[in-house]
Amino acid sequence: MKPIPVPHERILPADPRACFLAHREEIETAIEEALAAGSYVLGPAVAAFEAELAAFLGVGGAVGVASGTDALVLALRAAGIGPGDQVYTVSHTAVATVAAIELAGATPVLVDIDPGTFTIDSARLDTAVRTHGTSAGRAVIAVHLYGRPADMPESLMSDVMDAVQAAAAFSKISTNSR
Ligand SMILES: Cc1ncc(COP(=O)(O)O)c(C=O)c1O
């Protein structure tokens, strides 16, 4: 077999520096305003963000938290998920999705992806749920990845969704199916 040539160009999975440079002025102004106002926690900027995000998603409200991981842990706790519960999610996601389930005290149950979309394989999820059941306390975290909504059957649609990488995709699902 011929060796596969190694590309000379490095392909980065993410380039936060390029993102910063693209929006530098806006980011620096916002940081300066927060520092000058002495308002580091919550405050008017967070309230404005929450209102803007809720309008963008077409939902009744949005709550700003410190990180995507915190959002998932809080959502699981709010849904009453805790020790002794199992939560289905997809095997190909940020480690934070699984960490959040463990931080809530529950046990993750990983379901494989559909190789065509890299999001959860809904047929395998259906089989897993049929095999292990959906008794009280069990939940599904759908992960919408790379801007793509996961293909979730309505019957398995979870209340907790990880849309860290696909907020707009979530908004599409939300308006279509809820
Ligand atoms: C799909 C997904 N879920 C959760 C997270 C966790 O977000 P944070 O790093 O803000 O805790 C990430 C972060 O990259 C993510 O990509």
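Up top is the structure these notes are about.
Overview of the structure. Worth saying up front: this structure is predicted, and the values here are computed from it rather than measured.

A tally of helices and strands in the protein yields 7 helices and 4 strands. Reading the protein from its N terminus to its C terminus gives the helix and strand order α-α-α-α-β-α-β-α-β-β-α. The burial tally for the protein puts 19% of its 178 residues in the buried class. Across the protein, every contact between residues at least 6 apart in sequence was considered, and the portion connecting residues at least 24 apart equals 45%.

Among the nonpolar cores identified, the biggest contains 26 residues, and Leu-76 and Ile-141 are the most heavily contacted of them. The dominant element in this core, judged by the number of residues it contributes, is strand β3 (residues 139–143), at 5 residues. Setting aside anything within four residues of it in sequence, one finds Leu-76 in contact with Ile-81, Ala-100, Ile-101, Ala-104, Ala-106 and Val-160.

With that settled, the discussion passes to the site of the ligand. The ligand sits among Ser-67, Gly-68, Thr-69, Thr-93, Ala-94, Ala-96, Thr-97, Val-143, Asp-162, Val-164 and Gln-165. Looking at the shell around the ligand, the elements that each hand over two or more residues are α4 (68–78) and α5 (95–103). Looking at the shell around the ligand, its residues break down into 4 nonpolar, 6 polar and 1 charged.

This next bit is on the sheet that holds strand β1 (residues 86–90). Strands sit in the order β2-β1-β3-β4 across an open sheet of 4 strands; the sheet is parallel. Strands with a single pairing partner mark the edges of an open sheet, and in this sheet they are β2 (107–111) and β4 (160–162). The sheet shows a mean angle of 25° between the axes of neighbouring strands, taken without regard to direction. Pairing geometry for β1 and β3, over 2 bridges, is parallel. What sits directly across from Val-87, in β3, is Ala-139. Along the sheet face, helix α6 (residues 122–132) touches β1 and β2 and points at about 135° away from the line of β2.

About the thresholds
- Residues numbered from 1 in each chain as written.
- Predicted model: local features only at pLDDT ≥ 70, side-chain atom pairs only at ≥ 80, totals over all residues.
- Helix = DSSP H or I, 4+ residues; strand = E, 2+ residues; numbered from the N terminus.
- Buried ≥ 20, exposed ≤ 12 C-beta atoms within 10 Å, placed from the backbone.
- Contact = placed C-beta atoms within 7 Å.
- Core = buried A, V, L, I, M, F, W, Y, C linked by C-beta atoms within 7 Å.
- Near = placed C-beta within 6 Å.
- Nonpolar A, V, L, I, M, F, W, Y, C, P; charged D, E, K, R; others polar.
- Pairing = 2+ DSSP bridges.
- Axes fitted to C-alpha atoms, helices over the stretch in contact; angles between N-to-C directions.

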